[in-house]
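For reference, the chains in residue letters:
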Amino acid sequence: MMHCIRRIPALLSLLLPMLCLLSCVDDTDDAFDSSDGDESPPHLDGDAEDSDAPDPEAETLRKAAPWAIAVVGTDYFSTSISILERKNRTLFRENIIHSGTASSGLSIALSGDVVFPRAHNPENRIVLIDRYPNSVLTFLDPDDFSVDGQLPVATGFASNPHDFLWLSEHKAYVTRYETNPTPGGEAFDGGDDVLIVDPAALSITGRIPLAAYTDTASDPDLQARPDQMAYAEGRVWVTLNHLSADFKETGEGLLLGIDPETDAVVERVSLPKVTNCTGLVYEESRRSLYVSCSGLFIQGVQKRRAFSGIVSVRLDGEVPEASLLRSAVEEDDRPYGFDLDVAEGRWLLAVRFGDLAEDLPDWLVAIDLDNAEERVVYASGSPYGMGGLLADDGTDAVYVGDADPASPGIHIFATEQGAFTHLGRIDAHPKVGLPPRHIRFY
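Quick caveat, the model's predicted, so the values are computed rather than measured.

Asks: Just to check I follow, could you spell out the sheet that holds strand E8 (residues 161–168) for this structure?
Replies: Think of a sheet as strands paired side by side through backbone hydrogen bonds, with each pair either parallel or antiparallel. Taken in spatial order, the 4 strands make up an open sheet running E8-E9-E10-E11, and their pairing is antiparallel. Each edge of the sheet is formed by a strand with only one pairing partner; in this case those strands are E8 and strand E11 (203–209). The sheet shows a mean angle of 25 degrees between the axes of neighbouring strands, taken without regard to direction. The sheet contact formed by strand E10 (residues 191–198) and E11 spans 6 bridges and is antiparallel. Bridge assignment links Asp193 to a residue of E11, and that residue is Pro209.

What follows is the structure, given as structure tokens:
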């Protein structure tokens, strides 16, 4: 049971038995038939592929912009990755890789705890973060979806990587959520850190320990537990869950800023009136980061909601300035979830968790960044069923996953200056019935 608790976020570990009953699939290659559709990747109009003669400048632009949308489908035992077209908003190809895949370059099969990096990378490579216990990164070719290679980031223990941020061809950061109880057996094996890797060479080159930035004066058992990352204003920003080893206690909400030139932590930002902070997004036009904090689930409903909220962090001054944008107890008593995105530079999209005991569904909400007003865009089919959130300003659309056991799929909304009109639904895994849990560009 302890392995289950550590391999997925603390909230979902409480729901694992129910999720298993709702959606289980066979992990064989027969169950995952990936021979569906065109083998070439989808592109928007204007890509170099659409012209008779490739244009070097267009090719550069194509590589800098997302080609398509990738979706993780999982029941936390089996995983499958599908690709959606941005232009037509349709399923392009199901099961490009899955838990039953056996191919060259794949030495560690995918587990049921797989996510994408928070940020799109300029190489358009698909990066899969296999968390607990596998602790491995899998890189896929963006053209044919073949496995380019894998990079284990365990260094002797189940490190539970949570995010990957591509900084250059030969440098990337990986947040590692767990602490090694017996370090010293091999290089870079401390955990509770940001690991520095070379994605081209598939090697580890260093680590940035984060334990020194926790509030051990108030609780010596607190760990940093770094989660999502975003690059903004010359810094890599990292959210810290700031939880104890047993997940029963939490410190204040924290955000760290790392200088990627020196790999040194240069900013420690306290986030007011919130705890257990995860989701992170940067809105360049406002020069602001937005952080979602969920409170601590094990501490009970009322305390959890009291310490859940959205924090804005302005980066246009000499020092980062954090302020509470929305509290979970305002208007409706629901904690905020783990995912954020921004549409049209104005609408902050967030998930608000429902409640199993009260049979309340999750909400997708839009917060107007001009006045902090919030409204509900969509209600999921079940509590804790909302899986994945993505705003695509290039096609004026928003995607949100719904793991409703009766009809799992991805719902699409047209932004239309904040109107959020429902356009339809895509079943990203029709053959195996896996619910969507993560949605990202590639």
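Asks: Just to check I follow, could you spell out the environment of Asp143 for this structure?
Replies: Along the polypeptide, Asp143 turns up in the loop between strand E6 (136–140) and strand E7 (147–152). For Asp143, a relative accessible area of 38% puts it in the partly exposed group. For Asp143 and Arg125, which are 18 residues apart along the polypeptide, the C-alpha to C-alpha distance reads 8.8 Å.

Asks: Is there a simple way to explain the sheet that holds strand E25 (residues 374–379) in this structure?
Replies: The 4 strands are arranged E22-E23-E24-E25 in an open sheet whose pairing can be described as antiparallel. A strand with exactly one partner marks an edge of an open sheet, and here the two such strands are strand E22 (336–343) and E25. Neighbour to neighbour, the strand axes of the sheet diverge by 25 degrees on average, direction disregarded. Here E22 runs beside strand E23 (residues 347–352); their pairing, made up of 5 bridges, is antiparallel. When the bridges of E23 are listed, Leu340 appears paired with Ala350.

Asks: Would you mind going over the pairing of strand E16 (residues 253–259) with me for this structure?
Replies: One face of the sheet, then the other: side chains in a regular strand alternate in exactly this way. Burial analysis of E16 places 7 of its 7 residues in the buried class, the great majority of the element. Sheet analysis places strand E14 (residues 235–240) next to E16, joined by 5 bridges and oriented antiparallel. Bridging across to E16, Leu240 finds its partner in Leu254. Between E16 and strand E17 (residues 264–271), which follow one another and run antiparallel, lie 4 residues, and Asp263 among them has a positive phi close to 60 degrees.

Asks: Before we go on, may I ask you to explain the state of the cysteines in this structure?
Replies: Disulfide: a covalent bond formed between the sulfur atoms of two cysteine residues. A complete count under the given rule lists 1 disulfide for this structure. With a sulfur-sulfur separation of 2.0 Å, Cys277 is cross-linked through a disulfide to Cys293. The disulfide joining Cys277 to Cys293 has a torsion of about 100 degrees about its S-S bond and is therefore right-handed. In this pair, Cys277 is assigned in strand E18 (residues 277–283) and Cys293 in strand E19 (residues 288–294), connecting sequence segments 16 residues apart. Summarising the burial analysis for this pair, Cys277 and Cys293 share the class buried.

Asks: How should the pairing of E25 be read in this particular structure?
Replies: Bridging between strand E24 (residues 363–368) and E25 involves 5 bridges; their strand directions are antiparallel. Looking at E25, one finds that Val365 is bridged to Val376.

Asks: Even after reading the chapter, I still don't get unusual backbone geometry, so can you show me in this structure?
Replies: When glycine is set aside, most residues are seen to have a negative phi, and most peptide bonds are trans. At the junction of Tyr132 and Pro133, the peptide bond is cis and its omega measures out at 5 degrees in the coordinates. Along the polypeptide, Pro133 turns up in the loop between strand E5 (126–130) and E6. One non-glycine residue, Asn95, adopts positive backbone phi at about 60 degrees. Structurally, Asn95 is set in strand E3 (residues 91–98). Taking relative accessible area as the criterion, Asn95 reaches 0% and is therefore assigned buried. Positive phi outside glycine occurs at Asn276, with the angle close to 55 degrees. Of note, Asn276 is situated in the loop between E17 and E18. Assessed through its relative accessible area of 7%, Asn276 is described here as buried.

Asks: Looking at this model, I keep getting lost on the packing of aromatic side chains. Mind explaining?
Replies: Two aromatic rings are characterised by how far apart their centres lie and by the angle between their planes. For the coordinates displayed, the defined rule picks out 11 aromatic pairs. On the numbers, 5.8 Å between centres and 75 degrees between planes, the contact of Phe139 with Phe164 is edge-to-face. With Phe139 in strand E6 and Phe164 in strand E8, this residue pair connects regions lying 25 residues apart in the sequence. Assessed through its relative accessible area of 0%, Phe139 is described here as buried. A relative accessible area of 2% places Phe164 in the buried class. Arranged with centres 5.2 Å apart and planes meeting at 70 degrees, the rings of Phe338 and Phe353 form a pair that is edge-to-face. In this pair, Phe338 sits in strand E22 while Phe353 sits in the loop between E23 and E24, placing the two residues 15 residues apart along the sequence. Note on Phe338: relative accessible area 22%, which makes it partly exposed. Grouped by ring-pair contacts, the aromatic residues Phe297, Phe338, Phe353 and Tyr384 constitute a single cluster. It is Arg334 that lies over the ring of Trp363; its NZ or CZ is 3.6 Å from the centre. Here the basic side chain of Arg352 rests over the ring of Tyr336, its NZ or CZ set 4.4 Å away from the ring centre.

Each value, and the rule that gives it
- Residues numbered from 1 in each chain as written.
- Predicted model: local features only at pLDDT ≥ 70, side-chain atom pairs only at ≥ 80, totals over all residues.
- Heavy atoms only, no water.
- Pairing = 2+ DSSP bridges.
- Helix = DSSP H or I, 4+ residues; strand = E, 2+ residues; numbered from the N terminus.
- Axes fitted to C-alpha atoms, helices over the stretch in contact; angles between N-to-C directions.
- Buried < 20%, exposed > 50% of the residue type's maximum accessible area, 1.4 Å probe, protein only.
- Disulfide = S-S within 2.5 Å.
- Phe/Tyr/Trp six-rings, centres within 6.5 Å; stacked < 30°, edge-to-face > 60°.
- Lys NZ or Arg CZ within 6 Å of the ring centre and 35° of its normal.

Fair warning: the whole summary comes from geometry, so function is off the table for now.
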